[in-house]
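Listed below, chain by chain, are the residues.
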Amino acid sequence: MVKQKKTMSSEDCLGWAARDASGHLSPYKFNRRAVGDDDVHVKITHCGVCYADIVWTRNKFGDSKYPVVPGHEIAGVVSKVGSNVKRFNVGDHVGVGTYVNSCRDCEYCDDRLEHQCSKGGVFTFNGVDSDGTITKGGYSNFIVVHERYCFKIPKSYPLASAAPLLCAGITVYSPMIRHKMNEQPGKSLGVIGLGGLGHMAVKFGKAFGLNVTVFSTSISKKDEALNLLGADNFVISSDEDQMKRLTKTLDFIIDTASGDHPFDPYLALLKTLGILVVVGAANEIKFSPVSLFFGLKTISGSSVGGTKDIQEMIDLCAEKNIYPKIEVIPIEYANEAIERVIKNDVKYRFVIDIENSLK
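A short tour of the structure in this document, coming up.

Rules of the game
- Residues numbered from 1 in each chain as written.
- Predicted model: local features only at pLDDT ≥ 70, side-chain atom pairs only at ≥ 80, totals over all residues.
- Heavy atoms only, no water.
- Salt bridge = Lys/Arg side-chain N within 4 Å of Asp/Glu carboxyl O.
- Helix = DSSP H or I, 4+ residues; strand = E, 2+ residues; numbered from the N terminus.
- Buried < 20%, exposed > 50% of the residue type's maximum accessible area, 1.4 Å probe, protein only.
- Phe/Tyr/Trp six-rings, centres within 6.5 Å; stacked < 30°, edge-to-face > 60°.
- Contact = heavy atoms within 4.5 Å.
- Pairing = 2+ DSSP bridges.
- Axes fitted to C-alpha atoms, helices over the stretch in contact; angles between N-to-C directions.
- Patch = residues over 30% accessible without salt bridge, like charges linked within 9 Å, V, L, I, M, F, W, Y side chains within 5 Å.
- Areas by Shrake-Rupley, 256 points an atom, 1.4 Å probe, with all protein chains shown as cover.
- Core = buried A, V, L, I, M, F, W, Y, C linked by side-chain atoms within 4.5 Å.
- Parallel < 35°, antiparallel > 145°, perpendicular 65-115°, else oblique.
- Nonpolar A, V, L, I, M, F, W, Y, C, P; charged D, E, K, R; others polar.

### Quick look at the pattern of salt bridges
Here comes step 1: Overall, the coordinates contain 17 salt bridges when judged by the stated rule.
Here comes step 2: A salt bridge links Arg 33 to Asp 129; the shortest N-O distance between them is 3.8 Å. Here the residue Arg 33 occupies a position in strand 2 (residues 25-33), and Asp 129 occupies one in the loop between strand 7 (122-123) and strand 8 (142-146), the gap between them amounting to 96 residues. The pair formed by Arg 33 and Asp 129 is uniform in burial state, with each residue classed as buried.
Here comes step 3: Put simply, Lys 286 and Glu 284 hold a salt bridge, and the shortest N to O gap is 3.6 Å.
Here comes step 4: Taking the relative accessible area as the measure of exposure, Lys 286 reaches 58% and is therefore exposed.
Here comes step 5: Overlapping salt bridges bring together Arg 33, Asp 39 and Asp 129 as one network.

### Concerning the packing of aromatic side chains
Here comes step 1: Tallied over the entire structure, the rule returns 11 aromatic pairs.
Here comes step 2: Judged by centre distance (5.3 Å) and plane angle (65°), the rings of Tyr 173 and Phe 204 are edge-to-face. Here Tyr 173, found in helix 4 (residues 168-178), pairs with Phe 204, found in helix 5 (residues 196-207); they are 31 residues apart in sequence, far enough to count as distant.
Here comes step 3: Owing to a relative accessible area of 5%, Tyr 173 belongs among the buried residues under this scheme.

### A short note on helix 4
Along an α-helix, residues three or four positions apart point the same way, because every turn accommodates 3.6 residues.
Here comes step 1: A large share of helix 4 lies buried, amounting to 10 of its 11 residues.
Here comes step 2: Of the residues making up helix 4, those classed as buried are Ala 168, Gly 169, Ile 170, Thr 171, Val 172, Tyr 173, Ser 174, Pro 175, Met 176 and Ile 177.
Here comes step 3: As for helix 4, its buried residues are in contact with strand 10 (188-192), helix 5, strand 13 (250-255), strand 14 (270-278), helix 10 (307-320) and strand 17 (349-353).
Here comes step 4: One or two steps after helix 4, the chain reaches Lys 180, where phi turns positive at roughly 60°.

### Side note on the sheet that holds strand 12 (residues 233-236)
Here comes step 1: Taken together, six strands build an open sheet; the order of strands is 12-11-10-13-14-15 and the sheet is parallel. Each edge of the open sheet is held by one strand with a lone partner, namely strand 12 and strand 15 (298-301). The sheet shows a mean angle of 20° between the axes of neighbouring strands, direction not considered.
Here comes step 2: Note: strand 10 against strand 11 (residues 211-216), five bridges, orientation parallel.

### Focus on a nonpolar patch on the surface
Here comes step 1: Together, Val 290, Phe 293 and Phe 294 make up a nonpolar patch on the protein surface, roughly 360 Å² of accessible area in all.
Here comes step 2: Inspection of the secondary structure puts Phe 294 in the loop between helix 9 (290-293) and strand 15.
Here comes step 3: For Phe 294, a relative accessible area of 62% corresponds to the exposed category.

### Observations regarding the nonpolar core
Here comes step 1: Tyr 139, Leu 189, Phe 204, Ile 254 and Met 313 are the most contacted members of the largest nonpolar core, which has 98 residues in total.
Here comes step 2: Counting 15 residues, the second-largest nonpolar core is a separate cluster that includes Ile 192, Leu 270, Leu 276 and Val 278.

### Side note on the packing of helix 4 against helix 10
Here comes step 1: Where helix 4 contacts helix 10, the two axes come as close as 10 Å, and the packing angle between them is 105°. As far as their axial angle goes, helix 10 and helix 4 are roughly perpendicular. Listed contacts from helix 10 to Gly 169, Ile 170, Tyr 173, Ser 174 and Ile 177 of helix 4 are Asp 309, Ile 310, Glu 312, Met 313 and Leu 316.
Here comes step 2: Across the contact of helix 4 with helix 10, the residue classes tally to six nonpolar, two polar and two charged.

### With respect to the environment of Ile 177
Here comes step 1: Examined against the element boundaries, Ile 177 turns out to sit in helix 4.
Here comes step 2: A residue is classified by how much of its surface remains accessible, and Ile 177, at 19% relative accessible area, is buried.
Here comes step 3: For the pair Ile 177 and Asp 309, spaced 132 residues apart in sequence, the C-alpha separation works out to 8.2 Å.
Here comes step 4: Apart from the residues within four sequence positions on either side, Ile 177 is in contact with Asn 182, Phe 208 and Asp 309.

Dropping the structure here:
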């Protein structure tokens, strides 16, 4: 990855951090690097709460580097810019997503797929940056980021609503664009799971003119799927009769479910040449190869998106008035919010009001 230019000074920053695998968050002071020539200094106003915050505050992968300041759905206002910065001015509304550096030289960076950087991108928190420092995320009052990894948010679009786009939104938007779902109005999309990712997949699907069916194990989601989010159909995935009636009716499926579940029943719902995109982090994927052979079906994986897709997604949301459904909370509620995320007790994304509560 590209080394950050060395600066002679740093700036005190206030955040909330986990000190150990209990994941408990509490106030924490640390230093951010001074603004370099290519950097943008962002006063953070809002930060979304993502399941990734739980993964690394609680050391689920065994690689947490404590203290961990989580948060990679960041929205705020530009307060300083480096001398080489051309795309941003003080006062601009901007977002920062799941990564803050990459090599900027490999084939994937050249194609604006920086999240697939051959040399490994740098995560916004719990990553090791080019200068050896451990990155700290958006549960903090400001962040300093190379301008390439900042995204302009139109001032007409609320910053609180913009925050979840930077991970939940782009995670479903990027594969939808890659598989040209935005170019095929009238086609049919299935969405498995109705959480932070799933509800955005429904919103994008409707914006693209698709016929959207939501699959859930909970009948309690039916009213919100149909009436709040505008889905066309709702199916209880454990009901074999309901599932059977949809055999070979879907062009696309986006699977956002994080719990383990069977895949063959969903593959049976795809038409010939249908595509199932997996974005939920189940422990394993099991299916019969025959489910792919008959019907020439495809299973594809995806995670977040490159800088081009992220900016285009934000612009689309502003143009089409696409807003995540959020619950705004103060930083003091972060620990309770994380417990509720674990229990799927949120509709559909918590967003921390950093500006008014982190003092």
